[in-house]
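Structural overview for review
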2 protein chains.
Amino acid sequence: MPRQVDHDERRREIAEAVWRIAAARGLEAVRMREVAAEAGVSIGRVQHYFESKDDLVAFAATRLRSRIEERIRRHAEDVPEPRSPLLVLRALLTGLLPLDADGRETALVGLAVFHRALSDRELAKLYQRGRARLVAEVMSHLAAAAAAGEIPERIDPRLETYALLAATDGIATDLLHAHYAPETARALLDRQIDGLRNAPPPVRGAGAPAPPGVAPMAP
Amino acid sequence: MPRQVDHDERRREIAEAVWRIAAARGLEAVRMREVAAEAGVSIGRVQHYFESKDDLVAFAATRLRSRIEERIRRHAEDVPEPRSPLLVLRALLTGLLPLDADGRETALVGLAVFHRALSDRELAKLYQRGRARLVAEVMSHLAAAAAAGEIPERIDPRLETYALLAATDGIATDLLHAHYAPETARALLDRQIDGLRNAPPPVRGAGAPAPPGVAPMAP
DNA sequence: TTTTATACAATATGTTTGTATTGAATCCGC
DNA sequence: GCGGATTCAATACAAACATATTGTATAAAA
């Protein structure tokens, strides 16, 4: 057997460098040379652990979901007792906002991946899957909140989930550009969640499932 | 005098090609050669009308604002009488959504420009200016709606503006990825606007002006 | 000890890129 | 019809890039 090296660990180290570059200057700025330099290794090493640049970027992108879900979990756990479904939901959504350095990096890489997914079918599939899980989780919290009487029972869970996620996404976007302060972001999120108490009943046809996909960018 | 050629018109033609490529495959896919091919002209011509690629991309990006504002104007004019401030506001926000081919192209280029602005100071300034105008316009409609009694008078106009724009942005983003149907998007927007009727009073400190910019990506 | 697969580093290769250069065609005032 | 500026096509070129190739060190296995 060869020299004892933790293969996965090495790959993760290099992927970290990709993250740092992607967060700082976008996925397009990811160069093999720079990744090597950022990771403090030779370009030969990077090549050894990744067949191609695409392979490297794909691996780094794959880690996005686990990173996001870890952030969500961490935030949810920090909710003090008694934990109402709505409070947990708020923590979850807050976890998606770039309010700290790690969150900012995650959001920046997320944006880059999202953007690239518009013209990369493989990445798009990955992205859709992550999004579906997020939608499902938010919806379940919403249902729990409705059951607990925190919000009206006769809401449209899917529509409200979309509304919450859209708002969170928009706020995150604004934070990346520093359009306003973190406190404003929190206030906006609270305002949105508060709006659930006056949520209207389901609208026929509005909460319909995803349509037969409009082709995003050209292939 | 030289050959009679409408200089600006030529530049605009070439910029159109940039738009088409950027919408289809992102700003990063914009190559001098491809722009020339897409516009059906020689590389030499592209070079003649634009000093550099940066110059070309910057010019194309500059047209974003006018294009967005034109869309907004068009949508606002289509509102049937009697035009209440809230109806006009809804039309304005709807105009920002990628609900038709032109809107989709605008949104895609907008996203590309926005993304690049995160690491391009010049572009960032341009983007900020456009955003400021948008915020001002939405806020004025909100004030008008409050004055007309369509929504509570004691709302926080700036915060509500941010909420509306964030929601619109998030919905637009979801539409680009075809996460749901256009009707759902409209329902979401209506839901958001409806929420204004139950808007809370201003929160101390929340609607504060933009902070001393957190540095976006590294320079 | 010899073998063999791994783990790299160093360098070569060929493509893609923006841009510089060169020169020809066009049109206007004269 | 001549001169000179404008327009723009063709091509050349250097830099940047991903990747292929080659060589060497290491350490477990035989």
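Residues numbered from 1 in each chain as written. Chains lettered and ligands numbered in written order. Predicted model: local features only at pLDDT ≥ 70, side-chain atom pairs only at ≥ 80, totals over all residues. Heavy atoms only, no water.

The name given to chain A in an unreviewed UniProt entry is TetR family transcriptional regulator, and the organism recorded there is Marinitenerispora sediminis.

Here's the deal with unusual backbone geometry
Residue and element names in this part refer to chain A. Formally: Numbered from the N terminus, helices here are DSSP runs of H or I no shorter than four residues, and strands are runs of E no shorter than two.
Here the residue pair Glu81 and Pro82 is connected by a cis peptide bond, since its omega of -5° sits within 30 degrees of zero. Structurally, Pro82 is set in the loop between α4 (53–77) and α5 (85–95). Here Ala178, not a glycine, exhibits a phi torsion of approximately 55°, which is positive. Structurally, Ala178 is set in the loop between α8 (157–176) and α9 (182–194).

Considerations on the side chain of Arg71 of chain A
All names here are of chain A. Using the following cut-off: The buried label goes to any residue with under 20% of its type's maximum accessible area, the exposed label to any with over 50%, and the partly exposed label to all in between, with areas taken from a 1.4 Å probe on protein chains only. Any pair of nitrogen or oxygen atoms within 3.5 Å is treated as a polar contact; in protein, a donor-acceptor pairing is required on top of that, and neighbouring residues in sequence qualify only through side-chain atoms on both sides. Contacts are assigned to residue pairs with any non-hydrogen atoms lying within 4.5 Å of each other.
The topology assignment puts Arg71 in helix α4. What makes Arg71 buried here is its relative accessible area of 4%. Within the local environment of Arg71, its side chain forms a polar contact with the backbone oxygen of Gly95, the two atoms lying 3.1 Å apart. If we ignore the near neighbours within four places in the chain, the residues touching Arg71 are Gly95, Leu97, Asp100, Asp102, Gly103 and Thr106.

Notes on the relation of the copies chain B and chain A
Inclusion rule: All copies are superposed by least squares; the fitting set is the C-alpha atoms of residues with a pLDDT of at least 70 in both.
Mapping chain B onto chain A leaves a residual RMSD of 0.1 Å; the transformation is a rotation of 180° accompanied by 0.0 Å of translation along its axis. Such a combination of turn and shift is consistent with a two-fold rotation axis. Taken as a fraction of all interface residues of chain B, those also at the interface in chain A reach 100%, which identifies the copy contact as same-surface.

Brief notes about the pattern of salt bridges
For side chains of opposite charge, pairing can occur when their charged atoms come near one another. All names here are of chain B. Our working rule: Here, a salt bridge means any side-chain nitrogen of Lys or Arg that lies within 4 Å of a carboxyl oxygen of Asp or Glu.
Counted under the stated rule, the structure contains 34 salt bridges over all chains. Arg20 is paired through a salt bridge with Glu38; the nearest N and O atoms lie 2.8 Å apart. Separated by 18 residues along the polypeptide, Arg20 in helix α1 (residues 7–25) and Glu38 in helix α2 (residues 32–39) bring together distant segments of the chain. With its nearest N and O atoms 3.9 Å apart, the salt bridge here joins Arg74 to Glu70. Residue Arg74 and its partner Glu70 are both found in helix α4 (residues 53–77); the two are separated by four residues, about one turn of the helix.

Regarding the nonpolar core
The condition that has to hold: We call a set of buried Ala, Val, Leu, Ile, Met, Phe, Trp, Tyr and Cys residues a nonpolar core when their side-chain atoms join them within 4.5 Å.
Core analysis: the largest hydrophobic core is formed by 70 residues, its most contacted members being Val30, Val35 and Leu56 of chain A together with Val30, Val35 and Leu56 of chain B. Setting aside anything within four residues of it in sequence, one finds Leu56 of chain A in contact with Ile14, Val18, Met32, Val35, Val46 and Phe50 of chain A. Listed in part, the 62 residues of the second largest apolar core include Ile72, Leu97 and Leu165 of chain A together with Leu188 of chain B.

A closer look at the packing of helix α5 (residues 85–96) of chain B against helix α7 (residues 121–147) of chain B
All names here are of chain B. Cut-off, in case you're wondering: Between N-to-C directions, angles span 0 to 180 degrees; the directions come from axes that are lines fitted to C-alpha atoms, helices contributing only their stretch in contact. Angle categories: roughly parallel below 35 degrees, roughly antiparallel above 145, roughly perpendicular from 65 to 115, and oblique for all the rest. For any helix crossing, the convention is left-handed if the near helix is rotated counterclockwise from the far helix by under a right angle, and right-handed if that rotation is clockwise. Each residue gets one of three labels, nonpolar for Ala, Val, Leu, Ile, Met, Phe, Trp, Tyr, Cys and Pro, charged for Asp, Glu, Lys and Arg, and polar for the others, Gly among them.
At a closest axis distance of 8 Å, the pairing of α5 and α7 adopts a crossing angle of 155°. In terms of orientation, α5 and α7 fall into the roughly antiparallel class. As α5 packs across α7, the resulting crossing turns out to be left-handed. Contact residues: Pro85, Leu86, Val88, Leu89, Leu92, Leu93 and Leu96 in α5; Leu134, Glu137, Val138, His141, Leu142, Ala144 and Ala145 in α7. A per-class count over the contact of α5 with α7 returns twelve nonpolar, one polar and one charged.

Focus on the interface of chain B and chain A
Our working rule: When two parts are brought into contact, each loses some accessible area as probed by a 1.4 Å sphere; the total of that loss over both is the buried area.
Between chain B and chain A, the contact holds 55 residues from the first and 55 residues from the second. Considering only the surface of chain B that becomes buried against chain A, His177, His179 and Arg191 of chain B emerge as the three largest contributors, covering 15% of it. Summed over the shared surface of chain B and chain A, the number is four salt bridges. Glu160 of chain A is paired through a salt bridge with Arg191 of chain B; the nearest N and O atoms lie 2.7 Å apart. The interface formed by chain B and chain A holds eleven residue pairs in polar contact (both at pLDDT 80 or more) in total. Of all elements in the fold, only α1, α6 (101–117), α7, α8 (157–176) and α9 (182–194) of chain B reach the threshold of two or more residues within the side of chain B that touches chain A.

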